[in-house]
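One-letter residues, chain by chain:
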Amino acid sequence: QVQLVESGGGLVQPGGSLRLSCVASEIIFRHYNMAWYRQAPGRQRELVATITHIGLTNYADSGKGRFTISRDNAKNTVYLQMNSLKPEDTAFYYCNAKGGVFPYTRDDFWGQGTQVTVPS
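None of the values given here were measured: they were computed from a predicted structure.

Analysis parameters
- Throughout, a residue's number is its position along its own chain's written sequence, starting from 1.
- Given that this is a predicted model, residues contribute local features only at a pLDDT of at least 70 and side-chain atom pairs are listed and counted only at 80 or more, while totals for whole chains, interfaces and linings are drawn from all residues.
- As a convention, hydrogens and water are excluded, and side-chain values are obtained from all of the structure's heavy atoms.
- Under the scheme used here, helices are H or I runs from DSSP no shorter than 4 residues and strands are E runs no shorter than 2 residues, and both carry numbers assigned from the N terminus.
- The cut-offs for exposure are 20% and 50% of the maximum accessible area for each residue type, with area from a 1.4 Å probe on protein chains only; residues under the lower value are buried, those over the upper are exposed, and the others partly exposed.
- Note on contacts: a residue pair is in contact if any heavy atoms of the two residues lie within 4.5 Å.
- In this description, a nonpolar core means a group of buried Ala, Val, Leu, Ile, Met, Phe, Trp, Tyr and Cys residues linked to one another through side-chain atoms lying within 4.5 Å.

**Q** Can you explain the environment of Ala 35? Please cite residues and give values.
**A** Along the chain, Ala 35 turns up in strand 4 (residues 32–39). Here Ala 35 falls in the buried class, since its relative accessible area comes to 5%. As for Ala 35 and Thr 57, which are separated by 22 residues in sequence, their C-alpha atoms are 9.3 Å apart. The contacts of Ala 35, once residues within four sequence positions are left out, are Leu 47, Ala 49, Thr 50, Ile 69, Tyr 94, Cys 95 and Asn 96.

Take a look at the structure:
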């Protein structure tokens, strides 16, 4: 029922840019904190960036200064703009939604992911 659908992944050369999108359905989007995670082969899933339901953002050190998370509540969409991409950014990127207000605070939804590949 609830769906998060990522798009925008692909192959990009080092130094290039990519914008990921995640469209949510069947949730009241503006009440949810959104986040991007990534997972590379052999590694644990790691948080990349978050944006709360009121628009506060945080970034992991890995993407700080290069990545920007944003949201468009009218489109039920969260974005991850990735600039100056490096091979170490290669991973499967996942969209996550967590309820930011009562009664949704126990909600935790995940998208299917989209592959980002930055070759060496």
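Having seen it, we continue.
**Q** Tell me about the nonpolar core, and name the residues and values.
**A** The tendency in soluble globular proteins is for nonpolar side chains to be buried side by side. If you look at the biggest cluster of nonpolar residues, it comprises 27 residues, and the most contacted ones within it are Met 34, Trp 36, Val 78, Leu 80, Met 82 and Tyr 93. When residues of this core are traced back to their parent elements, those giving at least two are strand 3 (18–25), strand 4, strand 5 (46–51), strand 7 (67–72), strand 8 (77–82) and strand 9 (91–99). Those residues in contact with Leu 80, other than ones at most four positions away along the chain, are Leu 18, Arg 19, Leu 20, Trp 36, Val 48, Ala 49, Phe 67, Thr 68, Ile 69 and Tyr 93.

**Q** Outline unusual backbone geometry, supporting the account with residue identities and numerical values.
**A** With an omega dihedral of 5°, the bond running from Phe 102 to Pro 103 counts as a cis peptide bond. Here the phi dihedral of Glu 26 falls at roughly 65°; this positive angle occurs in a residue that is not glycine. Topologically, Glu 26 is positioned in the loop between strand 3 and strand 4. Its identity is not glycine, yet Asn 76 carries a phi of approximately 50°, on the positive side. Secondary-structure assignment places Asn 76 in the loop between strand 7 and strand 8. Here Asn 76 falls in the partly exposed class, since its relative accessible area comes to 22%.

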